[in-house]
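Chain residues, written in single-letter form:
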Amino acid sequence: MITPYNCVIVANGSFPQTDLPLRLLHQASVVIACDGAVTALDRAGIVPTAIVGDLDSLSPCFRKRYADRLHFVEDQEVNDLTKSIRFAHQSGQQEVLILGATGLREDHTLGNISLLIEHAPLFRRIEILSDYGLFTPLLQTTTLKSKPGIQVSLFSLSPSGTISTSGLHWPICDRQLTAWWQGTLNEATGNCFTVTLSPDARVLVYRTLVIPAKGT
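Residues numbered from 1 in each chain as written. Predicted model: local features only at pLDDT ≥ 70, side-chain atom pairs only at ≥ 80, totals over all residues. Heavy atoms only, no water.

A.B. asks: Mind showing me how you'd approach the sheet that holds strand β6 (residues 125–129) here?
C.D. replies: Two pairing modes exist for strands in a sheet, parallel and antiparallel, and in both the strands are linked by backbone hydrogen bonds. As summarised here, the arrangement of the 10 strands in space is β4-β3-β2-β1-β5-β6-β7-β13-β9-β11, forming an open sheet in which the pairing is mixed. Both outer strands of the open sheet, β4 (70–72) and β11 (183–187), are each paired with one neighbouring strand and no more. Across the sheet, the mean angle separating the axes of adjacent strands is 20° when strand polarity is ignored. Strand direction decides the pairing type here: strand β1 (residues 7–10) and strand β5 (residues 95–99), joined by 4 bridges, are parallel. (Pairing = 2+ DSSP bridges. Helix = DSSP H or I, 4+ residues; strand = E, 2+ residues; numbered from the N terminus. Axes fitted to C-alpha atoms, helices over the stretch in contact; angles between N-to-C directions.)

Structure below.
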């Protein structure tokens, strides 16, 4: 369902524990770390290509060790993940996977997920992956890979335009999603599904990584 990314950004949420995100992290040739994520990367034996942020969470030993790859951004109006995403764009990256953006504090999780729609126009592909699922921002009609039984949720963070779907158990037909819950808890019926967007619609799609057992 996920092809490898050249660039991975690691935020300071829950560090991945499962095989898929860890494999994609190790395969990436460019690893951009929000400054608070450096400790977890060090424990995993991964040397970041760049460390971005206000560096307030970076210990003196890491400041010294990685002095040649520190990118200090003082702007307090945006968080370190935003700074890292902008750095990836300025560095010419076109496909970016974000890890460690969820878990721990729920306010950070919600804020980080919302960044996908805001920054999607800058990239050919940008997604957030956790140990449980994948968030993909859609700016236009798109067909996404899946498997029968994969759980799918759609979120319209700024309700506008209309959304239709095919290939989901409960179809959505020319509907504007005005609350976050309205497009959640659906299910793929085949190996792909299509989300059709009107020109002004934007949507976040969440797909679980595994098919839940019956009765859960």
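A.B. asks: Sorry if this is basic, but what is going on with the sheet that holds strand β12 (residues 192–197) here?
C.D. replies: Spatially, the 3 strands line up as an open sheet ordered β8-β12-β10, and their pairing is antiparallel. Every interior strand has two partners, whereas the edge strands, β8 (142–145) and β10 (163–166), have only one. Here the strands of the sheet are splayed against their neighbours by 20° on average, with no regard to which way each runs. Summarising the sheet, β8 and β12 pair through 4 bridges and their orientation is antiparallel.

A.B. asks: Please explain the state of the cysteines as it appears in this structure.
C.D. replies: Put plainly, a disulfide is one covalent bond tying together the sulfur atoms of two cysteines. By the definition in use, this model includes 0 disulfides. Unpaired in this structure, C34 has its nearest cysteine sulfur neighbour in C7, at a distance of 11 Å. Residue C192 stays outside any disulfide, its sulfur separated by 19 Å from that of C173, the closest cysteine. (Disulfide = S-S within 2.5 Å.)

A.B. asks: Got a minute to help me understand helix α1 (residues 19–27) in this structure?
C.D. replies: Residues three or four positions apart in an α-helix share a direction because the helix packs 3.6 residues into each turn. Residues of α1 that are buried: L20, P21, L24 and L25. End-on view of α1: buried residues confined to an arc of 135°, all on one side of the axis. For α1, the exposed residues set more than 90 degrees away from the buried face come down to D19 and H26. (Buried < 20%, exposed > 50% of the residue type's maximum accessible area, 1.4 Å probe, protein only. Arc of directions from axis to C-beta.)

A.B. asks: I keep staring at the packing of aromatic side chains and nothing clicks. Help me out?
C.D. replies: By convention here, two paired aromatic rings are described through the distance between centres and the angle between planes. With the rule as written, the count across this model stands at 2 aromatic pairs. Measuring from ring centre to ring centre gives 4.7 Å for F135 and Y206, while their planes differ by 50°; the resulting arrangement is tilted. Taken as a pair, F135 in strand β7 (residues 133–138) and Y206 in strand β13 (residues 203–208) lie far apart in primary sequence, 71 residues in all. Here the two residues F135 and Y206 agree in accessibility, since each one is buried. R125 extends its terminal NZ or CZ atom over the ring of Y5, reaching a point 3.6 Å from the ring centre. (Phe/Tyr/Trp six-rings, centres within 6.5 Å; stacked < 30°, edge-to-face > 60°. Lys NZ or Arg CZ within 6 Å of the ring centre and 35° of its normal.)

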